[in-house]
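# Observations on chain architecture
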Amino acid sequence: MIAEKYEKLQSILREMNTVVVAFSGGVDSTFLLKAAVVTLGPDQVLAVTADSETYPTTELEEAKELAALIGAKHQVIETSELAIPGYAENTKNRCYFCKSSLFDHLEPVLSEHSFENIVYGVIADDMNEFRPGMQAAKERGIRGPLLEAGLFKEEIRELSKTFGLPTWEKPSFACLSSRIAYGEYITKEKLSKVEKAEAYLKSLQIRQVRVRTHQETARIEVEPKDMQTVLAHHASIVGKLQEYGYKYVTLDLVGYQSGSMNKVLSL
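Values in this document were obtained by computation on a predicted structure and should not be read as measured data.

## Comments concerning the packing of helix α1 (residues 2–16) against helix α2 (residues 27–40)
Between α1 and α2, the shortest axis-to-axis distance is 10 Å and the interhelical angle comes to 65°. Judged by the angle between their axes, α1 and α2 are roughly perpendicular. Crossing handedness for the pair α1 and α2: right-handed. Across the interface between the two elements, Y6, L9, Q10, L13 and R14 of α1 pack against F31, L32, A35, A36, V38, T39 and L40 of α2. Within the contact of α1 with α2, the residues separate by chemical class into 9 nonpolar, 2 polar and 1 charged.

Shown next, in the form of structure tokens:
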């Protein structure tokens, strides 16, 4: 089944002929980039990474390294989500504004290189989650080959491992704005606070972490197996996060959940 899905992915990419890949360096976009280069050749593929306030510096550097490893041409463009009208207000459609702006920035790149298609790393799992950015892609004719091929996250990880991509076991990542509760205004200072807090927790060898921000409260999400690590270092964690600007520091006993902020949308 997985081999058939990969063949379908290659068939979809061949039909596209040339592609600009919206490349974050995450599990999905990295595999998409690798598949595109293998299928179409490096001259027919361009990876483009948007550097902005919501994208950690460590992720940008990793994206550069991954593109080089794959042998793909790579371009970094400067964007600013906070400059997008409606984005900083942090409504439930925040991701729609973000993806709309990203695709608006990618279209001139597409024209400049005389390429034919923009693709991004949406996958089959995303159909079961709240993803307003998919509407922005649909409106602009931006395609998601991984979704079209019916590939799920675990299948992408398996294929990534087969190709020797280091991202096969990389933790899931989302933009820093996803850590801030809906309705709470997004600022550069808050994004920086989240980035520093998560970096510190990762320095304690915690693999998957989110620091969800509710005004002055940090709600830490980690996998259940890492909760003991948080408790063992609770004094230093509290000290660091308060140094970064949080007044209250909590551990969510439910554990890490992708898109946990979206729970309030059904209320």
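After presenting the structure, the write-up continues.
## Focus on the domain arrangement of the protein chain
Segmenting the protein chain into domains produces domain 1 (2–163) and domain 2 (176–264). Domain 1 and domain 2 are separated by 26 Å when their C-alpha centres are compared. On the side of domain 2, 17 residues touch domain 1, which itself brings 15 residues to the contact. With both sides pooled, the region where domain 1 packs onto domain 2 buries about 1,300 Å², and carbon together with sulfur makes up 53% of that total. When the area that domain 1 buries against domain 2 is broken down by residue, the three leading residues are A88, N90 and R94, summing to 36%. Taken together, the connections running from domain 1 to domain 2 amount to 0 salt bridges. The interface formed by domain 1 and domain 2 contains 8 residue pairs in polar contact (both at pLDDT 80 or more). Residue classes in the side of domain 1 that touches domain 2 are distributed as 5 nonpolar, 4 polar and 6 charged.

## A word on the UniProt feature "domain: NAD/GMP synthase" (unreviewed entry) in the protein chain
The sites that carry the UniProt feature "domain: NAD/GMP synthase" (unreviewed entry) are, in the present numbering, residues 15–81. Secondary structure over residues 15–81 splits into 45% helix and 25% strand, and the C-alpha atoms at its two ends are 32 Å apart.

## Thoughts on unusual backbone geometry
Of note, N17 is a non-glycine position whose phi angle comes to about 75°, a positive value. Within the secondary structure layout, N17 lies in the loop between α1 and β1 (19–22). Exposure remark for N17: the relative accessible area of 35% places this residue in the partly exposed category. The phi torsion at Q205 lies on the positive side, around 70°, for a residue other than glycine. Within the fold, Q205 resides in the loop between α8 (188–202) and β5 (209–214).

## Observations regarding the sheet that holds strand β3 (residues 73–78)
Reading across from one edge, β3-β2-β1-β4 is the order of the 4 strands in this open sheet, with parallel pairing throughout. Single-partner strands in this sheet number two, and they are β3 and β4 (117–119). Sheet twist, expressed as the mean angle between neighbouring strand axes with direction ignored, is 25°. Judged from the 3 bridges that link them, β1 and β4 form a sheet pairing that is parallel. In the strand pairing of β4, V21 is matched with V119.

## Thoughts on the UniProt feature "active site" (unreviewed entry) in the protein chain
With numbering aligned to this structure, UniProt lists the feature "active site" (unreviewed entry) at C175. With relative accessibility at 23%, the residue C175 sits in the partly exposed group. Contacts of C175, omitting those with residues within four sequence positions, involve T54 and Y87.

## So, the nonpolar core
Nonpolar side chains tend to gather and get buried jointly when the protein is soluble and globular. Counting 33 residues, the largest nonpolar core has L9, F31 and L33 as its most contacted members. Looking at this core, the element that brings in the most residues is α2, giving 8 residues. Dropping the residues within four chain positions of it, L9 is found in contact with F31, A35, P145, L146, A149 and L151.

## Re the environment of V76
Mapped onto the elements of the fold, V76 is located in strand β3. Residue classification places V76 among the partly exposed positions, given a relative accessible area of 33%. For V76, the contacting residues outside a window of four places in its chain are T49, D51, L60 and K64.

Reading the values: the criteria
- Residues numbered from 1 in each chain as written.
- Predicted model: local features only at pLDDT ≥ 70, side-chain atom pairs only at ≥ 80, totals over all residues.
- Heavy atoms only, no water.
- Axes fitted to C-alpha atoms, helices over the stretch in contact; angles between N-to-C directions.
- Helix = DSSP H or I, 4+ residues; strand = E, 2+ residues; numbered from the N terminus.
- Parallel < 35°, antiparallel > 145°, perpendicular 65-115°, else oblique.
- Left-handed = near helix turned anticlockwise from the far one by under 90°.
- Contact = heavy atoms within 4.5 Å.
- Nonpolar A, V, L, I, M, F, W, Y, C, P; charged D, E, K, R; others polar.
- Domains from an automatic or database assignment.
- Buried area = accessible area lost by both parts, 1.4 Å probe.
- Salt bridge = Lys/Arg side-chain N within 4 Å of Asp/Glu carboxyl O.
- Polar contact = N/O pair within 3.5 Å; in protein donor to acceptor, adjacent residues only side chain to side chain.
- UniProt positions renumbered as here; feature names shortened; annotations may be inferred.
- Buried < 20%, exposed > 50% of the residue type's maximum accessible area, 1.4 Å probe, protein only.
- Pairing = 2+ DSSP bridges.
- Core = buried A, V, L, I, M, F, W, Y, C linked by side-chain atoms within 4.5 Å.

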